[in-house]
Amino acid sequence: MAIFTIDDVEKTFKSGDVSEKILKGVDLELNEGEITALVGPSGSGKSTILTIAAGLQKASGGQVLFEGHDMTQMSQEEIRKIRSSEFGFVFQSSHLVPFLTVEDQLLLMLDVAETKLNKKQQKQEVAQVLELVGMAHRKEAYPSSLSGGEKQRVAIARAIIHKPKMLFADEPTASLDSKRSKEVMEIIRNLTKTLKITTLMVTHDEEMLPYADRIVTMKDGLID
Amino acid sequence: MQMAWKEVKKSKMKFLILGSIIFLVSFLTFIISGLANGLSEDNAALIKNVPNGQFYLNEDAKQTYNLSKIDVDQQDKLLADYKGATALSIQMGFVNDADDKQHSVAFVTSTDSELFPNVKDNEVVLDASLKDDGIKVGDVLTNNQFSGAFKVAGFAEKQTYSHAPVAFISMKNYQEIYRVMEMQTVFIPGSDSPDSVKGLESFNNKEFLNTIPSYGAEQMSLNMIIWFLVVISGMLFAIFFYMMNVQKIGLYGILKAIGVKTSSLFSMMWYQMLLITVVSLVLSVGLSQLFSLVAPAGMPFSLPIETTLLLSVVFLVIGFIGATISGFQIKKVEPLQAIQQGEM
Ligand SMILES: Nc1ncnc2c1ncn2[C@@H]1O[C@H](COP(=O)(O)OP(=O)(O)O)[C@@H](O)[C@H]1O
Ligand SMILES: [Mg+2]
């Protein structure tokens, strides 16, 4: 059963008089708990469909169904609520909050997601997740003192700490070397499998494909 | 807002700079306000010491007290009708001491009253500042328009008018010096809504102060400076928060992407603004009060705590508005933009 359905989604960008249709009717179903890798040439629209699915921009046409509810019909506030409690995000750069320690980044996410945990439970949760991504020893550190791989682990921890149903990842390993990339993918796979998180991941790195359950190729604004 | 406080802790320098700007501007504002108030007391303590009430001037006097003459019969009637009413006159003049040194004074005379000293003929009660000029009780002072001489009967604290010390004299002596029988004005204490009196125009204390020519101009310039400073500090707030917000556009985008409410981002900014402003204001209020204790004796400086508190509230409101206007860009931030911009 598909938890997430992208149905005939179109996206047209306008700049001045010129309008360009980037997505030409994308259909994609994501199965619960699976990792779907989205591959394809640069400029084919992978990031665009991922961000539309994640509720970060609007489609020009079509439907995006999350658990049967059409997100294209929802208000900004409804989408924000879904993003904060049901979705997690990892991007090419980690986008951590510069003035928060590793631990505080995760506590913030728990607050934003409005999880019903008290302070002590939150701290325990954070400690556990940091253990899982191998960053427990750096919980007092600020992002500026972390390496690229370490930052990405923290970003992954932040993306899943509130136990979302969906994880959206746009080239999460693009800024890392091959060894670090594999470590990070290992972590993503373990975590999403343990927590039964459905994952949509854009990548153009062949080495990452073995970590996916399913590979979908995009070309010229359409699923191949 | 924990996040707001954590940012202040991490970016100490940035907030310290903002705080010191607010501190300096508010401190400057307090000091100038202290001077304005000090000058105002120096100028017109005589009137400022009088309780609230109404001053009646002749309608023909064109709102200038020393052109006003109140008809004697009308004056008698007013004094009889209103309890505590006083007729008084003020004229600038000089007295000469035993060494023939001239001192400029404001001669004041009044009918029997609790508000002003009652002085016997040929005696004078002087503002205490003349003690610094070496004048003592028992000294004899003269005036070239006056046939007799004034014996200094005593001193009164803080009685100045038009920046000159007041010399209280008797009505008879006053009438001789200035060759008028009528008094300039009748003061009726307490009446907030003045009774209209035929042929007379009423002024409350504040309005009466503004009929002193130097007073209005002086206070206007100083008040201009004060409000300019307040407006400038409001702009500083807006500009500073604007710059801080611009730097944080990427961060705001990410926070929005992970689902932080726009209202939480505003609260974060308000919390920081409030924290910085309150700390800075507490310091500048404290320091300006300290300054008013140690201000040199010759400097007309008077800064009631109520004035600083009132200005502080104005600063808070202005800061709030400045920060909020600059915060509208938070509303506009698109989460996607920030993500695509890459590393902050
Ligand atoms: N906000 C935008 N405005 C205009 N064009 C855009 C915008 N975002 C993406 N595009 C265009 O859409 C196309 C697909 O972009 P993208 O989805 O980022 O591709 P991919 O991730 O597959 O490399 C590109 O040609 C890009 O220039
Ligand atoms: Mg892309």
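Residues numbered from 1 in each chain as written. Chains lettered and ligands numbered in written order. Predicted model: local features only at pLDDT ≥ 70, side-chain atom pairs only at ≥ 80, totals over all residues. Heavy atoms only, no water.

## As for the confidence of the model for chain B
Note: predicted coordinates in regions of low pLDDT should not be interpreted at a detailed level.
All names here are of chain B.
In step 1: For chain B, mean pLDDT is 89; residues scoring 70 or higher make up 98% of the total.
In step 2: Helix 11 (residues 335-340) is the least confidently modelled element of chain B, averaging 80 in pLDDT, while strand 4 (residues 123-127) averages 95, the highest of any element.
In step 3: Scoring the predicted complex yields pTM 0.78 and, for the interface, ipTM 0.91. (pLDDT = per-residue confidence, 0-100. Helix = DSSP H or I, 4+ residues; strand = E, 2+ residues; numbered from the N terminus.)

## Observations concerning the interface of chain A and chain B
Interfaces are often described in size by the accessible area the parts lose on coming together.
In step 1: At the junction of the two partners, chain A supplies 25 residues and chain B supplies 22 residues.
In step 2: Buried area between chain A and chain B, both sides added, is near 2,100 Å², and the carbon and sulfur share of it is 68%.
In step 3: For the chain A face of the interface with chain B, the top three residues by lost area are Leu 56, His 95 and Phe 99 of chain A, together amounting to 32%.
In step 4: Lys 6 of chain B serves as the salt-bridge partner of Asp 104 of chain A, at 3.2 Å between the closest nitrogen and oxygen.
In step 5: Viewed at the interface, chain B and chain A are joined by four residue pairs in polar contact (both at pLDDT 80 or more).
In step 6: Among the elements of the structure, helix 2 (76-85) and helix 3 (102-112) of chain A are those that each provide at least two residues to the side of chain A that touches chain B. (Contact = heavy atoms within 4.5 Å. Buried area = accessible area lost by both parts, 1.4 Å probe. Salt bridge = Lys/Arg side-chain N within 4 Å of Asp/Glu carboxyl O. Polar contact = N/O pair within 3.5 Å; in protein donor to acceptor, adjacent residues only side chain to side chain.)

## Digging into the domain arrangement of chain B
Residue and element names in this part refer to chain B.
In step 1: By the assigned domains, chain B splits into domain 1 (2-43 + 216-340) and domain 2 (47-211).
In step 2: Using C-alpha coordinates to define each centre, domain 1 is positioned 45 Å away from domain 2.
In step 3: Between domain 1 and domain 2, the residue contacts involve eight residues of the former and seven residues of the latter.
In step 4: Carbon and sulfur atoms supply 30% of the area that domain 1 and domain 2 bury against each other, a total of about 610 Å² over both sides.
In step 5: For the domain 1 face of the interface with domain 2, the top three residues by lost area are Glu 41, Asp 42 and Asn 43, together amounting to 66%.
In step 6: Put simply, domain 1 and domain 2 have zero salt bridges between them.
In step 7: At the surface where domain 1 touches domain 2, the tally comes to seven residue pairs in polar contact (both at pLDDT 80 or more).
In step 8: Secondary-structure elements contributing two or more residues to the side of domain 1 that touches domain 2 are helix 2 (12-48) and helix 6 (213-247).
In step 9: Sorting elements by how many residues they give to the side of domain 1 that touches domain 2 places helix 2 first, with six residues.
In step 10: The class makeup of the residues in the side of domain 1 that touches domain 2 is one nonpolar, four polar and three charged. (Domains from an automatic or database assignment. Nonpolar A, V, L, I, M, F, W, Y, C, P; charged D, E, K, R; others polar.)

## Here we look at the pairing of strand 1 (residues 2-15) of chain A
Residue and element names in this part refer to chain A.
In step 1: In terms of strand pairing, strand 1 meets strand 2 (residues 18-31) through eleven bridges, oriented antiparallel. Looking across to strand 2, one finds that Lys 11 is bridged to Leu 23.
In step 2: Counted along the chain from strand 1 to the antiparallel partner strand 2, the turn is two residues long, and its residue Gly 16 has a positive phi close to 65 degrees.
In step 3: Here strand 1 pairs with strand 4 (residues 61-66) via five bridges, running antiparallel. Bridged to Phe 4 within strand 4 is Phe 66. (Pairing = 2+ DSSP bridges.)

## With respect to unusual backbone geometry
In step 1: A positive phi angle, close to 50 degrees, is found at Glu 67 of chain A, a residue other than glycine.
In step 2: Phi is positive for Arg 179 of chain B, which is not a glycine, with a value near 55 degrees.
In step 3: Tracing the backbone shows Arg 179 of chain B in the loop between helix 4 (171-178) and strand 9 (185-189).

## Observations concerning the packing of aromatic side chains
The way to describe two aromatic rings as a pair is by their centre distance and the angle between their planes.
In step 1: Summed over the entire model, instances satisfying the criterion amount to 21 aromatic pairs over all chains.
In step 2: Over the ring of Tyr 142 of chain A we find Lys 10 of chain B; its NZ or CZ atom is 4.1 Å from the centre of that ring. (Phe/Tyr/Trp six-rings, centres within 6.5 Å; stacked < 30°, edge-to-face > 60°. Lys NZ or Arg CZ within 6 Å of the ring centre and 35° of its normal.)

## Points about the side chain of Ser 288 of chain B
In step 1: Within the secondary structure, Ser 288 of chain B is located in helix 8 (residues 262-294).
In step 2: Residues in contact with Ser 288 of chain B, not counting those within four places in the same chain, are Phe 27, Phe 30, Phe 301, Leu 303 and Thr 308 of chain B.

## Regarding the sheet that holds strand 8 (residues 198-202) of chain A
Residue and element names in this part refer to chain A.
In step 1: Judged by pairing direction, the sheet is mixed, and its six strands sit side by side in the order 6-7-8-3-9-10 without closing on themselves. At either margin of the open sheet sits one strand with a lone partner, and together these are strand 6 (87-90) and strand 10 (222-223).
In step 2: Direction of pairing for strand 3 (residues 35-39) relative to strand 8: parallel, over a ladder of four bridges. Residue pairing across strands places Ile 35 opposite Thr 199, the latter belonging to strand 8.
In step 3: Each of strand 3, strand 6, strand 7 (166-170), strand 8 and strand 9 (214-219) touches helix 1 (residues 46-53); the most contacted strand, strand 7, lies at about 155 degrees to it.
In step 4: The strands that helix 5 (residues 148-160) touches are strand 6 and strand 7; relative to strand 6, the one it contacts most, it runs at about 170 degrees. (Axes fitted to C-alpha atoms, helices over the stretch in contact; angles between N-to-C directions.)

## Concerning the site of ligand 1
All names here are of chain A.
In step 1: Lining the immediate surroundings of ligand 1 are Phe 13, Ile 22, Pro 41, Ser 42, Gly 43, Ser 44, Gly 45, Lys 46, Ser 47 and Thr 48.
In step 2: With respect to ligand 1, the backbone of Lys 46 contributes an N or O atom lying 2.9 Å from an oxygen atom.
In step 3: Within the side chain of Ser 47, an N or O atom sits 2.8 Å from an oxygen atom of ligand 1.
In step 4: For ligand 1, whose unbound accessible area comes to 560 Å², protein coverage reaches 60%.
In step 5: Broken down by class, the residue content of the shell around ligand 1 amounts to three nonpolar, six polar and one charged. (Near = heavy atom within 4 Å. Areas by Shrake-Rupley, 256 points an atom, 1.4 Å probe, with all protein chains shown as cover.)

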